[in-house]
Amino acid sequence: MRIIILNFLYIFFTISLVYAQENLKVNNIEAKELYEELRCLVCQNQSLLDSDAPLALDLKKLVLYKLEQGLSKEEIKEFLVERYGEFILLKPTFTIKNILLWVAPFIFVLFGFFLTFLFLRKTPVSKEEVFTLTEAEKEKLKKVLNKDIIE
Amino acid sequence: MRKIYLYLPLIFFFILVIFFARQLILDENPSKLPSVLIDKSFPPIKLNQLSSYKLFNAKNLLSSGDPSLVNIWSSWCAPCQIEHEFLMKMSLEHNVKIFGINYKDDNKDAIEVLKLNGNPFYAIGTDEDGTQVINLGLYGVPETFIIDANGNIRYKHIGPILEYDMNNIILPILNKIKRE
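Residues numbered from 1 in each chain as written. Chains lettered and ligands numbered in written order. Predicted model: local features only at pLDDT ≥ 70, side-chain atom pairs only at ≥ 80, totals over all residues. Heavy atoms only, no water.

Q: Please give an account of the sheet that holds strand β4 (residues 143-147) of chain B that cites residues and values.
A: Residue and element names in this part refer to chain B. Here we have five strands laid out as an open sheet, ordered β3-β2-β1-β4-β5, and mixed in their pairing. Whereas interior strands pair on both sides, the edge strands pair on one side only; in this sheet they are β3 (123-127) and β5 (153-158). Strand after strand, the sheet turns through a mean of 20 degrees between neighbouring axes, direction not considered. The pairing of strand β1 (residues 68-73) with β4 spans five bridges and is classified as antiparallel. When the bridges of β4 are listed, Ile-72 appears paired with Glu-143. Strands β1, β2 (97-103) and β3 of the sheet are contacted by helix α4 (residues 107-117), whose axis makes an angle of about 125 degrees with β1. (Pairing = 2+ DSSP bridges. Helix = DSSP H or I, 4+ residues; strand = E, 2+ residues; numbered from the N terminus. Axes fitted to C-alpha atoms, helices over the stretch in contact; angles between N-to-C directions. Contact = heavy atoms within 4.5 Å.)

As C-alpha cells, this is what we get:
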C-alpha cells in the first residue's frame, strides 16, 4: 500500500514539474533575453516573458519571427521602439533625455553626503577641556555661597 | 537663516507635494501610451477583405482629401460596442470618413455587429492574427487614429470615443485640420 502511494506521489510531482518546464521553455536564448527586456503593454510592469496577454503572445511571436529572419536584438528593439515608443523597453536607454533618470540617485546620495558633512561640521566636537575658575571668580563664588548659607 | 539646511526635508516634502498634486489635478492616465507615430505617415499595412465590404487600403485612405478616422475594433470588445453609436453619429451627421480595422475577430461576428448596429465605416480591412496593427503601435482595442489629407497620423485616441470625446476632442481636431 505504502509503495503504491509513494509511486502515485512520485508520478504526480514529476508530471507537474515536467509541465512547468514545458511552459517556461523558450528554445532561443536570444529570444528569451529579449522577452525579458521588453514590456508587456497590457500589464505594464510585466515583461513579455512573464505575460500571457494576447498582445504579449503576438509580440513574442513577432520577436521570434524577426530573430529567425536574422535580425539582431538591437534591430528588433529599434523596430518596436519605432512603433510603441521607448516605453516598451523595461530598461530606459542612457540618452540625454533620460540622463536625469539615471543620474538622480547619485545626485541624491551626494547631496546626502554634503548635508551630513555640513551637519557634522557645525556641531562642535566636544573636546575634553577642563575649565577652571579664575581667582576673581572663585572669590565671587565663595561670597555667593556663604551668603546663601547665612541667609 | 544659518540653519536653513534643517528645513531642507520640509522644503523637499513640499516639492514632492507639488509633484504629486500635479499628477492628481491634471488627471493624466499614465498607463495611456502617447503614440510615437504622431506626425508620421500612416504605415503600410496589409489587411484582408471582410465579405463584400469595401477593402481599406492605402489608396482609399488618401482619396478623400479630408481628414479621416481609422478605428480599430472587434466584435468581442465591449467598449467598441459602446463607441459604435458615436462612430455612427460622426459618419452620418458629421460626414466623417471612418476606416475600420477589424482586429483578431471572427468574420461572421464582425459582420453581425455591422448588420445589427449599422456600418459607420467607409472601408474595412481585417487583421485576423493581429500582426498588422503592431505597425500602428496598437496595444488594446478600441484605438482610433486621426489621419490628415496627406496620410499623416495627427492624433491617437486610446479607448472608446464617448460623447464627450467626440464633441470635445475628435471633432475639434478634425475641424482644425480641415482649416489648415
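Q: Account for the packing of aromatic side chains, with residues named and values stated.
A: Taken as a whole and assessed by the stated rule, the structure comprises nine aromatic pairs over all chains. A centroid spacing of 5.5 Å and a plane angle of 20 degrees characterise the contact between Trp-73 of chain B and Phe-121 of chain B, whose relative ring orientation is stacked. Residue Trp-73 of chain B is found in strand β1, and its partner Phe-121 of chain B is found in the loop between α4 and β3; the two are separated by 48 residues along the sequence. Exposure class is identical for Trp-73 of chain B and Phe-121 of chain B. Each is buried. For the pair Trp-76 of chain B and Tyr-103 of chain B, a centre-to-centre distance of 6.3 Å together with 55 degrees between the ring planes defines the contact as tilted. Of the two residues, Trp-76 of chain B is situated in the loop between β1 and α3 (78-93) and Tyr-103 of chain B in strand β2; the sequence distance between them amounts to 27 residues. Following the ring pairs from residue to residue traces out a cluster consisting of Phe-42, Phe-56, Phe-99 and Tyr-122 of chain B. Looking at Arg-83 of chain A, its charged tip hangs above the ring of Phe-79 of chain A, at a distance of 3.7 Å from the centre. (Phe/Tyr/Trp six-rings, centres within 6.5 Å; stacked < 30°, edge-to-face > 60°. Buried < 20%, exposed > 50% of the residue type's maximum accessible area, 1.4 Å probe, protein only. Lys NZ or Arg CZ within 6 Å of the ring centre and 35° of its normal.)

Q: Requested: an account of the interface of chain B and chain A, with residues and values cited.
A: On the side of chain A, 20 residues touch chain B, which itself brings 18 residues to the contact. Summed over both partners, the interface of chain B with chain A buries about 1600 Å², with 63% contributed by carbon and sulfur atoms. For the chain B face of the interface with chain A, the top three residues by lost area are Tyr-5, Leu-33 and Ile-134 of chain B, together amounting to 36%. At the surface where chain B touches chain A, the tally comes to one salt bridge. Lys-104 of chain B is paired through a salt bridge with Asp-58 of chain A; the nearest N and O atoms lie 2.6 Å apart. Counting across the chain B and chain A interface gives three residue pairs in polar contact (both at pLDDT 80 or more). Of the residues contributing to the side of chain B that touches chain A, the split by class is eleven nonpolar, four polar and three charged. (Buried area = accessible area lost by both parts, 1.4 Å probe. Salt bridge = Lys/Arg side-chain N within 4 Å of Asp/Glu carboxyl O. Polar contact = N/O pair within 3.5 Å; in protein donor to acceptor, adjacent residues only side chain to side chain. Nonpolar A, V, L, I, M, F, W, Y, C, P; charged D, E, K, R; others polar.)

Taken by themselves, the reported measurements are silent on function.
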